[in-house]
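# Coordinates in review
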Amino acid sequence: MHKLLLFALIIGGMRVTAQVKDTAMRPVLLPVVIRVDSTNPVVIERDPRIEQLVRKQIEINEVTTRESRRFVQGFRIQVINSPDRAKVFDAKAKLYEQFPDWKSYLLYQSPNYKLRVGNFKTQEEVQDAMKQLSKLFPAGLYVIPDVIELKLSDLKADTTK
């Protein structure tokens, strides 16, 4: 009988300590006070720390999503596709000479080397670039849909909108 009573006390004590540990692990909720006023039906007062948390979360979201917004669907222009490496490198040098602001991309897909240029967001930008490039490379220009890299200035302009 004493053993049964001792066993029941031990089990009951464990249960009480488990409940105490549970309540210690619960998150602390910030208070929202609702007050009834004679002029306004309901006034809600928030803890100012909530605004700080919201601003901090906005900053965190901005930083973490910036990299994913840097790469978007767009277009590049394929200037040359040739198995002759020297010919492709000559075209790249000529392209850099005429258009130093445009970024060029050299790809190798056996047995050909491909030279692509630009990070164009819209078809209109591509058409303008095609007109300029056709003077330098009269044949073999192709518009290629691709994932393009935006400039840092474009990202800042997008965030201000």
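The preceding data block contains the structure.
Residues numbered from 1 in each chain as written. Predicted model: local features only at pLDDT ≥ 70, side-chain atom pairs only at ≥ 80, totals over all residues. Heavy atoms only, no water.

### Quick notes on the sheet that holds strand β6 (residues 142–149)
Selection rule: Pairing between two strands is assigned when DSSP locates at least 2 bridges connecting them. The helix count covers DSSP runs of H or I at least four residues long, the strand count covers runs of E at least two residues long, and both are numbered beginning at the N terminus. Lines fitted to C-alpha atoms define the axes here, with helix axes fitted over just the stretch in contact, and angles between the N-to-C directions of these axes take values from 0 to 180 degrees.
With respect to topology, 4 strands assemble into an open sheet ordered β4-β5-β3-β6, the strand pairing being antiparallel. Looking along the sheet, the strands with just one partner apiece sit at the ends: β4 (104–109) and β6. Each strand of the sheet is rotated relative to its neighbour by a mean of 40 degrees, with strand direction disregarded. As paired elements, strand β3 (residues 71–82) and β6 share 8 bridges and run antiparallel to each other. Residue Gln73 lies in a different strand from β6, and its bridge partner there is Val147.

### A few points about unusual backbone geometry
For the bond from Ser110 to Pro111, the omega torsion is 0 degrees, close enough to zero to count as cis. Its location among the elements puts Pro111 in the loop between β4 and β5 (112–120).

### Considering the side chain of Arg76
As a reminder, the rule being used: The buried label goes to any residue with under 20% of its type's maximum accessible area, the exposed label to any with over 50%, and the partly exposed label to all in between, with areas taken from a 1.4 Å probe on protein chains only. In protein, a polar contact requires one atom able to donate a hydrogen and another able to accept it; more generally it is a pair of N or O atoms within 3.5 Å, and residues adjacent in sequence count only if both atoms are side-chain atoms.
Relative to the elements of secondary structure, Arg76 occurs in strand β3. Given a relative accessible area of 7%, Arg76 falls into the buried group. A distance of 2.8 Å separates polar atoms of two side chains, one belonging to Arg76 and the other to Asp146.

### Some thoughts on the pairing of β5
Burial within β5 is extensive, with 7 of its 9 residues counted as buried. Here 6 bridges tie β3 to β5, and the two strands are oriented antiparallel to one another. Its bridge partner being in β5, Ser82 is matched across the sheet by Tyr113. Here β4 hands over to β5 after 2 residues, the two strands then running antiparallel side by side.

### Here's the deal with helix α3 (residues 85–98)
Along an α-helix, residues three or four positions apart point the same way, because every turn accommodates 3.6 residues. The condition is simple: In this analysis, the expected span of each helix is defined as 1.5 Å times one less than the number of residues it contains. Along the arc lie the directions from the helix axis toward the C-beta atoms.
With 14 residues, α3 should reach 20 Å at 1.5 Å per residue; the first-to-last C-alpha distance of 20 Å fits that figure. All of the buried residues along α3 are Val88, Ala91 and Leu95. The buried residues of α3 occupy an angular sector of 60 degrees when projected down its axis, which confines them to one face. Looking at α3, the residues exposed on the side facing more than 90 degrees away from the buried face are Asp90, Tyr96 and Glu97. By the N-cap criterion, in which a side-chain oxygen at the helix start approaches the backbone nitrogen of a residue two or three places on, α3 is capped by Asp84, the distance to Ala86 being 3.4 Å.

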